[in-house]
Amino acid sequence: MIIDTIKIENVVREIFENIGTHLDEKVYCRLKAAKGASERESFALKVLTENAEIARDTNSPVCQDTGLAVVFLEIGQDVALSGKYVEDAVNDGVRQAYENFRKSSVHPLSRKNSGDNTPAIIHTRVVKGDKVKVSCMMKGFGSENMSRLFMLTPADGVEGVVEKVVETVKDAGSCPCPPVILGVGVGGTMEKAAIMSKHALLNDLDKENPDEYLSSLEKEMLEKINALGIGAEGFRGDVTALRVFIETENTHIAGLPVAVTVQCHCSRHGERIIEG
């Protein structure tokens, strides 16, 4: 199957243009239905939904921090890519989409702005099949700065994993604009855990983890997080998080890597499948 990378470029542009201005409908419905535990928390939830409505109706950014562009590519092994280099195609799509969004990509040391929000953070996997799956995420840094990586020991066990996930949210407080969504990567190596935690945030908000044990663990973490009392936007209450998603990978007998990626309530992501 031959796929011209111009299709990837166009899809990347379309996804980012949409997710930057349209809050995920399921997130919106959760926020709309949430009942604040206090008058202040209820007010915060009302403001968040009104903000989403204004952004949608005026085609304006749902948040001023339009983040770094994160792109996951799953390329079928039976696909032959033609045209420009695939990473150039992705970056050209990002560049076009961010013409009307804030540009936040800078050199880490000189702090010089690239001027077009490139390069994107690109994760590529070769998978079975003859299609290309493109998943895009706008990652703001109010939440990214609150994300954490822990190199636990096997003796810390499941209890240690739960403790660190809850601790991450507690330490973050109102900084990541709660209610948050958490991606948790457990196992693998340091970098694998981090990538899994980011990839987990691409899940549909209503999707149940197919692994019953992990599903129950996600619910346990969510319950303990909401019991912290941080509340929407830090105004105290029980709507501190909307979901926890866990991904796992086998790890070394001597290790237990745990990565927690914190995502703000905007949870801006989208995906498309490209066929020849």
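Located above this text is the structure these notes cover.
Note that the structure is a prediction, hence the values are computed from the model and not measured.

The rules behind each value
- Residues numbered from 1 in each chain as written.
- Predicted model: local features only at pLDDT ≥ 70, side-chain atom pairs only at ≥ 80, totals over all residues.
- Heavy atoms only, no water.
- Helix = DSSP H or I, 4+ residues; strand = E, 2+ residues; numbered from the N terminus.
- Rg over C-alpha atoms; globule rule 2.2 N^0.38 Å.
- Buried < 20%, exposed > 50% of the residue type's maximum accessible area, 1.4 Å probe, protein only.
- Contact = heavy atoms within 4.5 Å.
- Areas by Shrake-Rupley, 256 points an atom, 1.4 Å probe, with all protein chains shown as cover.
- Lys, Arg positive; Asp, Glu negative; His and termini not counted.
- Charge placed at Lys NZ, Arg CZ, Asp CG, Glu CD.
- Axes fitted to C-alpha atoms, helices over the stretch in contact; angles between N-to-C directions.
- Left-handed = near helix turned anticlockwise from the far one by under 90°.
- Nonpolar A, V, L, I, M, F, W, Y, C, P; charged D, E, K, R; others polar.
- Pairing = 2+ DSSP bridges.

Notes on the overall build of the protein
At step 1: Of regular secondary structure, the protein possesses 8 helices and 10 strands.
At step 2: Against the compact-globule benchmark of 19 Å for 276 residues, the protein has a radius of gyration of 19 Å, which places it among compact chains.
At step 3: Expressed along its principal axes, the backbone C-alpha trace of the protein runs to roughly 55 × 50 × 40 Å.
At step 4: Burial statistics for the protein: of 276 residues in total, 50% are counted as buried.
At step 5: At a minimum sequence separation of 6, the contacts of the protein that also span at least 24 residues come to 83%.
At step 6: Summing over all exposed atoms, the protein offers an accessible surface of approximately 13400 Å²; the carbon and sulfur share of this is 53%.
At step 7: Computing the positive centroid from 32 side-chain charges and the negative centroid from 41, the protein places the two 3 Å apart.

A look at the packing of helix α2 (residues 25-33) against helix α3 (residues 39-58)
At step 1: One can describe the packing of α2 onto α3 by two numbers: an axis separation of 9 Å at closest approach and a directional angle of 145°. Between α2 and α3 the crossing geometry is left-handed. Contact with α2, carried on its side by Tyr28, Leu31 and Lys32, involves Leu45, Leu48, Thr49, Ala52 and Glu53 of α3 and no other residues of that element.
At step 2: Among the residues forming the contact of α2 with α3, the class breakdown is 5 nonpolar, 1 polar and 2 charged.

Re unusual backbone geometry
Peptide bonds are trans in most cases, and residues, glycine excluded, mostly fall at negative phi.
At step 1: For the peptide bond that leads from Thr118 to Pro119, omega is 5°, which places it in the cis range.
At step 2: Inspection of the secondary structure assignment puts Pro119 in the loop between α4 (86-97) and β4 (121-127).
At step 3: Of note, the bond from Pro178 into Pro179 is cis; its omega dihedral lies within 30 degrees of zero at 15°.
At step 4: Phi at Ser267 is positive, roughly 45°, even though this residue is not glycine.

Examining the sheet that holds strand β9 (residues 256-263)
At step 1: Reading across from one edge, β6-β9-β7-β8 is the order of the 4 strands in this open sheet, with mixed pairing throughout. Here the strands that pair on one side only, and so sit at the sheet edges, are β6 (148-152) and β8 (241-249). Between one strand axis and the next, the sheet turns through 15° on average, direction left out of account.
At step 2: Here β6 runs beside β9; their pairing, made up of 5 bridges, is antiparallel. Its bridge partner being in β9, Leu152 is matched across the sheet by Leu256.
At step 3: In the packing of helix α8 (residues 212-226) onto the sheet, contacts are made with β7 (180-187) and β8, and the angle to β8 comes to roughly 140°.

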